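# Commentary on secondary and tertiary structure
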Amino acid sequence: MVTNAHRINAGRPPVLQGLPDFFLFACDDTDASAALTVDVACTRIPARFGLDPRRDVQVLTPMHRGPAGAGALNGLLQQKLTPHREGQPERRMGGRVFRVGDKVTQIRNNYDKGQAGVFNGTLGIVTHLSTEEQTLTVRTDEDETIDYDFDELDELAHAYAMTIHRSQGSEYPAVVIPLTTSAWMMLQRNLLYTAVTRAKQLVVLVGSRRALNAAVRTVSAGRRHTALDHRLATSR
């Protein structure tokens, strides 16, 4: 895993065979890659490595939109891990449905919750939901219990999958990264490197070799070449 992180950072393709902690599940079709991502995260990794699909496995995508983006994958992953069950309470808010067992993230700082506030990027699992009391409870990764009124649910988003941008600064035991040509404009070396280095134990890529190769060789357009060093040197 560390070896491949260095290779990607240097613009070299990762080693895809013979490593115990870095894998590629090749798939050229975007919709099929999304379905395979769900299978890898929810079934294959837990079965082989004994990791919890909610607490230990994080899906990281280059984009929010699209068939293999964070939005669509959150729906597919929720359907697999926390499906609708007759008689079980749930709360619909806009296009989202919250259920007990959902993996969620705080999306803005709230200094009035918890012992010292709850902050943007905090992850947790919904442990209780009451339609009578109009409340929802989250147990965070810091083992703190946070209560939300239903009118505060705009502070939460599902977090089975998230964009690589949003994951910066975080670490997870296992990371699953869908790489498809539908996200062509976001296939960049710095994003792939960031996603790979979020993992502590295991990285699984899902998607096409063409998309992977594009990500490795494409340097972000955001890198500016100003020749500032040269201009400063010649102005002395």
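Below is a short write-up of the structure. Computed from a prediction, not measured in an experiment: that's the story for all the values here. (Residues numbered from 1 in each chain as written. Predicted model: local features only at pLDDT ≥ 70, side-chain atom pairs only at ≥ 80, totals over all residues. Heavy atoms only, no water.)

Right, let's get into helix α2 (residues 30-49). Residue pairs spaced three or four apart in an α-helix point in one direction, given the helix's 3.6 residues per turn. At valine 40, α2 shows its strongest bend, of approximately 45 degrees. For α2, every residue scored as buried is listed here: Thr30, Ser33, Ala34, Leu36, Thr37, Val38, Val40, Ala41, Cys42, Ile45 and Pro46. Looking at the packing, one finds that the buried side of α2 touches β1 (22-26), β2 (57-61), α3 (70-81), β11 (172-179) and β12 (199-207). One side-chain oxygen of the residue at the start of α2 lies 3.1 Å from the amide nitrogen of aspartate 31, identifying that residue as aspartate 29. Phi turns positive one or two residues past the end of α2, at glycine 50, with a value near 70 degrees. (Bend = angle between axes of the 7 residues up to and from the residue. Helix = DSSP H or I, 4+ residues; strand = E, 2+ residues; numbered from the N terminus. Buried < 20%, exposed > 50% of the residue type's maximum accessible area, 1.4 Å probe, protein only. Contact = heavy atoms within 4.5 Å. Polar contact = N/O pair within 3.5 Å; in protein donor to acceptor, adjacent residues only side chain to side chain.)

Here we come to the packing of aromatic side chains. By the definition in use, this model includes two aromatic pairs. Measuring from centroid to centroid gives 6.3 Å for phenylalanine 23 and phenylalanine 49, while their planes differ by 55 degrees, and the two rings are tilted. Placement of phenylalanine 23 in strand β1 and of phenylalanine 49 in helix α2 is noted, with a sequence separation of 26 residues between them. What makes phenylalanine 49 partly exposed here is its relative accessible area of 34%. Centroid distance tyrosine 111 to phenylalanine 119: 5.6 Å. Interplanar angle 70 degrees. Geometry classified as edge-to-face. Judged by its relative accessible area of 33%, phenylalanine 119 is partly exposed. Positioned over the ring face of tyrosine 148 is lysine 113, at 4.8 Å from the centre of the ring. (Phe/Tyr/Trp six-rings, centres within 6.5 Å; stacked < 30°, edge-to-face > 60°. Lys NZ or Arg CZ within 6 Å of the ring centre and 35° of its normal.)

Here the structure, examined in full by the defined rule, presents four cavities of 30 Å³ or more. Computed from the structure, the largest cavity encloses a volume of approximately 50 Å³. Along its surface, the largest cavity is lined by Ala41, Cys42, Pro53, Val57, Val59, Leu77, Leu81 and Tyr160. Counting only elements with at least two residues in the lining of the largest cavity, the list comes to α2, β2 and α3. Across the lining of the largest cavity, the residue classes tally to eight nonpolar, no polar and no charged. (1 Å grid on protein atoms, 1.4 Å probe; cavity = no way out; pocket = protein on both sides within 12 Å on 5 of 7 lines; lining within 4 Å. Points joined across faces, edges and corners; volume = space filled by probe spheres on them. Nonpolar A, V, L, I, M, F, W, Y, C, P; charged D, E, K, R; others polar.)

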